[in-house]
Amino acid sequence: MRRVALIRFVLLVAAIVVLPFCVRPVVASEICIFAIAAMALNLIFGYTGMLSFGQATFFGLAAYTAGLMMIHWHAPLLAVLAAGTLVGGVAAALIGYVCIQRVGTYFIMLTFGFNQMLYFIAYKWTAVTGGDDGLPGIPRPPFAVGPLSISLDSSLRYYGFVAVSFLLAFYAMKRIVDSPLGVIFRAIRENPGRAAAVGYDVKRYKWLAFTIAGAFTGGAGVLYSMMFGIVPLESISWIISGDIVFMVLIGGIGNLYGPLLGAAAFKWLSEAISVVWERWPLILGVALVLVVLFLRGGLVEAFTRVRDIVAGGGPRPEPDEPVSVPDAAESQARP
Amino acid sequence: MSTITRRRFLEATGVAAASVLASPALVRAQGKELVMLGIWPFTGAFADVGPLPDRGMKLAIEEWGNKVIGRPIKYITRDDETKASSATRRMEEAIDSENAKVVIGPWSSGIALACTEVAKRRKVFYYFSGGTEDIAGKRCHRYAFNWAASPYTAMHVVVDNYMKLNPSHKRWYLFVNDYAFGWSVEKYTREAGQHHGIEFVGSDRMPLGTREYSGFVSKAAAAKPDVLCLLNAGQDVLVSIREAHNFGLAPKVAIVNSWGVGTEDFLQLDPKTRENFWVGTNAYYGANTPVAKKMVELYQAKYNAPPGYAPCAAYGMTRLTLRAIEKAGSAEPADIVKALEGWETQDWPGKLSVNAKTHQTVRDYFLLRCKKPDQMKHQFDFADIVAVSSQPLMPDSLNECKDIGSL
Amino acid sequence: MNLSLLAGAILNGLVTGMLYALMGIGLSLILGLLNIPNFAHGVLYALGAYVMVSGTKAFGFVGGALAALVAVAVLGAVIETLGVRRLSRVHPDYTLLLTFGLSLILTESIILVWGPVGITSQPPALLAGSVDLGVTLYPKYRLVVMVVTAVLVLASYLFVTRTRYGAIIRAGIEDKDMAAALGINIRRVFTVTFAAGAGLAALGGALMTPVRGLLPTMGLDILPFAFVVVVLGGLGSLPGAILAGLLVGVVQSLMTAIWPPGADASVFVLMTLGIIARPQGLLGQR
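Residues numbered from 1 in each chain as written. Chains lettered and ligands numbered in written order. Predicted model: local features only at pLDDT ≥ 70, side-chain atom pairs only at ≥ 80, totals over all residues. Heavy atoms only, no water.

Asks: Give a description of the overall build of chain A that names residues and reports values.
Replies: From N to C terminus, chain A includes 15 helices and two strands. Looking at chain A as shown, the accessible area adds up to about 12700 Å², and 69% of this sits on carbon and sulfur atoms. (Helix = DSSP H or I, 4+ residues; strand = E, 2+ residues; numbered from the N terminus. Areas by Shrake-Rupley, 256 points an atom, 1.4 Å probe, with all protein chains shown as cover.)

Asks: If you had to explain the packing of aromatic side chains to someone new, which residues and values would you point to?
Replies: Aromatic rings considered in pairs are described by the distance between their centres and by the relative angle of their planes. Considering all chains together, one arrives at 47 aromatic pairs over all chains under this definition. Each ring, one from Tyr-152 of chain B and one from Tyr-188 of chain B, has its centre 5.6 Å from the other, and the planes form 80 degrees; the classification is edge-to-face. With Tyr-152 of chain B in helix H5 (residues 151-165) and Tyr-188 of chain B in helix H6 (residues 180-194), this residue pair connects regions lying 36 residues apart in the sequence. Note on Tyr-152 of chain B: relative accessible area 7%, which makes it buried. Residue Tyr-188 of chain B is classed as buried on the basis of its relative accessible area, which comes to 1%. Grouping aromatic residues by their ring pairs yields a cluster made of Phe-53, Phe-112, Trp-238 and Phe-246 of chain A together with Tyr-20, Phe-39, Phe-100, Phe-225 and Phe-268 of chain C. (Phe/Tyr/Trp six-rings, centres within 6.5 Å; stacked < 30°, edge-to-face > 60°. Buried < 20%, exposed > 50% of the residue type's maximum accessible area, 1.4 Å probe, protein only.)

Asks: Talk me through the interface of chain A and chain C; I want residue IDs and the actual numbers.
Replies: Each side of the interface is counted separately: chain A has 46 residues, and chain C has 46 residues. Each partner contributes to the roughly 4300 Å² buried at the junction of chain A and chain C, and carbon and sulfur atoms together form 76% of this total. Looking at the side of chain A facing chain C, the largest losses of area belong to Tyr-106, Met-109 and Arg-279 of chain A, adding up to 15% of the total buried there. Its salt-bridge partner being Arg-279 of chain A, residue Glu-108 of chain C comes within 2.5 Å of it at the nearest N-O pair. Secondary structure elements with two or more residues in the side of chain A that touches chain C: helix H5 (104-124), helix H11 (238-251), helix H13 (280-294) and helix H15 (329-333) of chain A. Partitioning the side of chain A that touches chain C into residue classes produces 31 nonpolar, six polar and nine charged. (Contact = heavy atoms within 4.5 Å. Buried area = accessible area lost by both parts, 1.4 Å probe. Salt bridge = Lys/Arg side-chain N within 4 Å of Asp/Glu carboxyl O. Nonpolar A, V, L, I, M, F, W, Y, C, P; charged D, E, K, R; others polar.)

Asks: Which residues make up the environment of Ile-105 of chain C, and what values do they have?
Replies: Within the secondary structure, Ile-105 of chain C sits in helix H3 (residues 92-114). Taking the C-alpha atoms as reference, Ile-105 of chain C lies 9.5 Å from Val-43 of chain C; in sequence the two are 62 residues apart. Not counting chain neighbours up to four residues away, the residues in contact with Ile-105 of chain C comprise Leu-282, Gly-285, Val-286 and Val-289 of chain A.

Asks: Please give an account of the nonpolar core that cites residues and values.
Replies: Phe-166 of chain A together with Phe-175, Leu-228 and Trp-348 of chain B are the most contacted members of the largest nonpolar core, which has 313 residues in total. Looking at this core, the element that brings in the most residues is helix H2 (residues 25-47) of chain A, giving 18 residues. Counting only domains with at least three residues in this core, you end up with domain 1 (34-149 + 288-363) and domain 2 (151-281 + 365-389) of chain B. Residues in contact with Phe-175 of chain B, not counting those within four places in the same chain, are Asp-204, Met-206, Tyr-213, Phe-216, Val-217, Ala-220, Leu-228, Cys-229, Leu-230, Leu-231, Asn-232 and Ser-240 of chain B. Core analysis: the second largest hydrophobic core is formed by 22 residues, Ile-95, Val-103, Ile-111 and Leu-113 of chain B among them. (Core = buried A, V, L, I, M, F, W, Y, C linked by side-chain atoms within 4.5 Å. Domains from an automatic or database assignment.)

Asks: I'd like a rundown of the side chain of Thr-57 of chain A, residues and numbers included.
Replies: Residue and element names in this part refer to chain A. One can find Thr-57 in helix H3 (residues 56-73). A polar contact of 2.6 Å, which involves the side chain of Thr-57, links it to the backbone oxygen of Gly-54. Setting aside residues no more than four positions away along its own chain, Thr-57 makes contact with Ile-95, Asn-115, Leu-118 and Ile-236. (Polar contact = N/O pair within 3.5 Å; in protein donor to acceptor, adjacent residues only side chain to side chain.)

Asks: Please give an account of helix H10 (residues 290-303) of chain B that cites residues and values.
Replies: All names here are of chain B. Spanning 14 residues, H10 covers 20 Å between terminal C-alpha atoms, matching the ideal 20 Å at 1.5 Å per step. Looking only at H10, the buried set comprises Val-291, Ala-292, Met-295, Val-296 and Tyr-299. Along the axis of H10, the buried positions cluster into a sector of 120 degrees, meaning they face one direction only. What points out from H10, more than 90 degrees from its buried face, is the exposed set Pro-290, Glu-297 and Ala-301. Directly after H10, the chain includes Asn-304, whose backbone phi takes a positive value near 60 degrees. (Expected span 1.5 Å × (residues − 1). Arc of directions from axis to C-beta.)

Asks: Could you give an account of the sheet that holds strand E9 (residues 227-231) of chain B, with specific residues and numbers?
Replies: Residue and element names in this part refer to chain B. Pairing is mixed across the open sheet formed by seven strands, whose spatial order is E8-E7-E9-E10-E11-E15-E16. The sheet is open, and its two borders are formed by strand E8 (199-206) and strand E16 (383-389), each paired with just one other strand. In this sheet, neighbouring strand axes are inclined to one another by 20 degrees on average, regardless of whether the strands run parallel or antiparallel. With four bridges connecting them, E9 and strand E10 (residues 254-260) associate as parallel partners. Across the sheet, Leu-230 pairs through a bridge with Asn-257, a residue of E10. (Pairing = 2+ DSSP bridges. Axes fitted to C-alpha atoms, helices over the stretch in contact; angles between N-to-C directions.)

Asks: So what's going on with the state of the cysteines? Which residues, and what values?
Replies: All names here are of chain B. Considering all chains together, one arrives at one disulfide over all chains under this definition. One disulfide bridge connects Cys-140 with Cys-401, the sulfur atoms lying 2.0 Å from each other. What sets the handedness of the Cys-140 and Cys-401 disulfide is the S-S torsion sign, and at about 80 degrees it is right-handed. Residue Cys-140 is found in the loop between strand E5 (125-128) and strand E6 (144-146), and its partner Cys-401 is found in the segment after E16; the two are separated by 261 residues along the sequence. For the pair shown, Cys-140 and Cys-401 are each scored as buried. The closest cysteine sulfur to the non-disulfide-bonded Cys-229 is located on Cys-370, 15 Å from its own sulfur. Cys-312 takes part in no disulfide bond, and the closest cysteine sulfur, belonging to Cys-370, lies 16 Å away. (Disulfide = S-S within 2.5 Å.)

Asks: I'd love a proper account of the packing of helix H1 (residues 3-34) of chain C against helix H7 (residues 186-212) of chain C, names of residues and values included.
Replies: Between two packed helices, the angle of one axis relative to the other and the distance separating the axes together describe the packing. Residues and elements named next belong to chain C. Direction vectors running N to C along H1 and H7 enclose 165 degrees, while the axes themselves pass 9 Å from each other. Classified by the angle between their axes, H1 and H7 sit roughly antiparallel to one another. Remark: the crossing between H1 and H7 carries left-handed chirality. Residue-level inspection shows Val-15, Thr-16, Leu-19, Tyr-20, Leu-22, Met-23, Ile-25, Gly-26, Leu-29, Ile-30, Leu-33 and Leu-34 of H1 in contact with H7, the latter providing Val-189, Phe-190, Thr-193, Phe-194, Gly-197, Leu-200, Ala-201, Gly-204, Met-208 and Arg-212. Of the residues that constitute the contact of H1 with H7, the class distribution is 16 nonpolar, five polar and one charged. (Parallel < 35°, antiparallel > 145°, perpendicular 65-115°, else oblique. Left-handed = near helix turned anticlockwise from the far one by under 90°.)

Asks: Pulling in residues and values, what's your account of the interface of chain B and chain C?
Replies: Listed by partner, the interface residues are 25 residues for chain B and 30 residues for chain C. Summed over both sides, the interface of chain B with chain C buries roughly 2300 Å², with 55% coming from carbon and sulfur. Across the chain B-chain C interface, the total number found is three salt bridges. We note a salt bridge from Arg-142 of chain C to Glu-243 of chain B, for which the minimum N-O separation is 3.0 Å. Taken together, the links from chain B to chain C amount to six residue pairs in polar contact (both at pLDDT 80 or more). Counting residues per element, the ones that place at least two in the side of chain B that touches chain C are E8, helix H7 (214-222) and helix H8 (235-246) of chain B. For the side of chain B that touches chain C, the class distribution of residues is seven nonpolar, nine polar and nine charged.

Asks: Please set out the pattern of salt bridges residue by residue, giving values where relevant.
Replies: Taken as a whole, this structure holds 36 salt bridges over all chains when the rule is applied. Across the salt bridge formed by Arg-122 of chain B and Glu-92 of chain B, the nearest N and O atoms sit 3.3 Å from each other. Taken together, the residues span a long stretch of sequence, with Arg-122 of chain B in helix H4 (residues 109-122) and Glu-92 of chain B in helix H3 (residues 84-98) at a distance of 30 residues. Between Glu-341 of chain B and Arg-142 of chain B there is a salt bridge; the shortest N-O distance is 2.7 Å. Here Arg-142 of chain B lies in the loop between E5 and E6 and Glu-341 of chain B lies in the loop between helix H12 (333-340) and strand E12 (344-346), a separation of 199 residues in the sequence. What makes Arg-142 of chain B buried here is its relative accessible area of 17%. Each member of the salt-bridge network shares a partner with another, and the members are Glu-30, Lys-267 and Glu-271 of chain A together with Glu-81, Lys-83, Arg-89 and Arg-90 of chain B.

Asks: Residues and numbers for the packing of helix H4 (residues 77-99) of chain A against helix H10 (residues 202-225) of chain A, please.
Replies: Residues and elements named next belong to chain A. It is the contact of H4 with H10, at a shortest axis distance of 7 Å, that shows an interaxial angle of 145 degrees. Our pair here, H4 against H10, has a crossing hand that is right-handed. When H4 is examined against H10, the residues Val-80, Leu-81, Gly-84, Thr-85, Gly-88, Gly-89, Ala-92, Ala-93, Gly-96 and Tyr-97 are found in contact with a partner set consisting of Trp-207, Phe-210, Thr-211, Gly-214, Ala-215, Gly-218, Gly-219, Val-222 and Leu-223. Partitioned by chemical class, the residues of the contact of H4 with H10 number ten nonpolar, nine polar and no charged.

Now the structure itself:
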């Protein structure tokens, strides 16, 4: 098992190295940034069973925090990254405390509701956020540790920084889901009632998962703020929240690599098709529907199937319920 | 899984993934050709607008025979999705992958303010036409130019000439879209209004894309204005006009859309709802100059309807850029910038000049009065041009572009 | 605020509120019975409006509205049979993804068929202009829409609570397996419910064309509010959805009169407070 994990990790690093030479470095950076956010959502959605439709709250809050720190204080890179992560985590702790009191659709709508409120504040508080015009003029500080200082001005160098941040985030996330904590999260997803009966404080663990995810999402938001020198208002809008949800779903939930593939596919598809045909969302929609109807395990399952065909076994019969997605709907639907 | 199957799996998926991912990279920029990027909204809130400037830009490039100073022109477009994040990302991507040196667009002022940052950082030539004063103001830099009239001049042309014809209409009510564009035009409408003793009896700010204007119209009706002044954009203009008629406010009360697109809006409005409707605009197809007439003829032959502000602006910006490239004998952004700075010339819509200190184009602005249905001679005979003027100029003291910076 | 303004704001709120209620009923039934957060509900509303505009040209105003109702209800039945049904045994998140994909496809199809440019439409000549209600002038057409949607909302409610078929739907919401065990063809009930929900949304869109105009993305403008209504009213509760629809409509409209920028935000504040204070929704039982 350890060898399999190692090979997967090596493969991931190889993909990260190759990525900016296959797609533009800018797109590659964005893929990595959204992969972090998708990975964070996967922790609460895929591993703990809570679908948040409001991750842009933490993404955007951290992006604004970082932007303001860099504009007004010329704060250094790592300080900004730490601050944004902290802001994401604290905001998620506050908002999450309220949201996790409810489950199912009510939980989703609470996360969405808070997202809308913060969007509104960002929209109206133009003196601080620039409102609809976005927060412009954000510098990209160099990567500086002690006497070492590396400029990140070129797209490729910035990608390097984003990629390293991504790998660190991935490693941290892997440690979390492999730890006893991860096991508890999964137990809560499978059956919250049983987890409680065994003696776990379900709400507290949900809260913890939500907070951790908020911190990761905040980190992604900071990286995003430095991409184009502007924090656009969309960064805190529900459109981004929705995109993150769909990335996770496309990739396949409840497994570490799914959200990464989902983020890559979602971003790359929308970039590649939009250049070819201005009605690109149509193709995206058709792809989504086909995936849902015929390839429910997401891209991870696609790989598995290709592997099986290559191995000569022919396609597997499709299970009614993919193993990665337990039918927790009934238990979720009631508060 | 066995080692062999794993390796074969990795090979197979690796090859597949590489071929899928690599395809955009195959389109590499070619040496001699000049890449011009039109960044327009094909999806999102301004999705309806995108195809129009696209037509205008194409028209100008075709008129040049797809080449300038002996170099073939490659025209590419990107969808900004009416989102600043997508616009900047795709603009940057086009600069990287296609080596775009000239960027024109987008449509929304808010998004333009994001794009101008990219132009500044990547040192590409950037042309925009819109109502925010900041492109040639607070956020000015050497590589960015604004083609539209300055909101100061535009609002004065509208208010001064409207008041000349309707001196008793002193009660104005404002609908303002709450973003860069709306703030600029509101500021200068109020400024121009002071000179005529206009009382602003109320104003509401609403987000772009508001679909329910009934509440605002009820409020406006309660304030008993003489003029309902629309400082909004896109479909918001049409929705507010329709509601004003539904509520019986118009045509009794005049509607003045101070910064309008003209033709495209007219085409979408029932002739009855165009009664007592006044529009200030950067481009009307009735403009009586050789450049405008020729362009309108070409456009109408191709698309069966006269062009409105959007295609004219894209055409005008592209045309002026191409002429500046010819003047400079170079397509390097810095040379185009220098060729444009301080240039006085004849182009769309007529005589114009480019302020070297602010990069604001000094050009004519139109005030139109729509015709009643029975006065129209043909289906496109929408309006009379009641005023065309490039005056008054914005006083230097008001412009926030104090230092345009270096190349 | 003067009286005329207040009356106008409340009337506007009731018109939008009735529309929200109409959307909410369909969404709520689909969510309650099929356990699907129907992300495509907004685009079905938009499609109704577009079919209406084309249908009016061919069959007149009433004919256009009926065409919108029938066409979109049939589309709803097709979506349920070919798409949603295939996913009945898997996690509902996949249906969310399916309906999201469908909403992209249908929105872009609207652009391809009717063009990206918005369309404005006039009320029928008979209903043009406004009437003096004493306190305020109000457009005739809006008053008629208010009455028609109110009748539709009430009829849907009575259908679900008072008829035999309605009883079957309610039984399905309570316990699908039990209903199926009792010999009810629950699959057909699902199809009919989905089609009816789609039809109601389309009719809402059709009736609102002269009020709100048409834009390909109009579905996305209204979707969040429809979900708010369902959640605020209580999942699966029809009286809840109706009450919440009116409440959201009126609050939004009053806020427009008092402090316009806060109009939409106030709705989400209302919802959040609602969920926190009454987890089961205004009139929800569970």
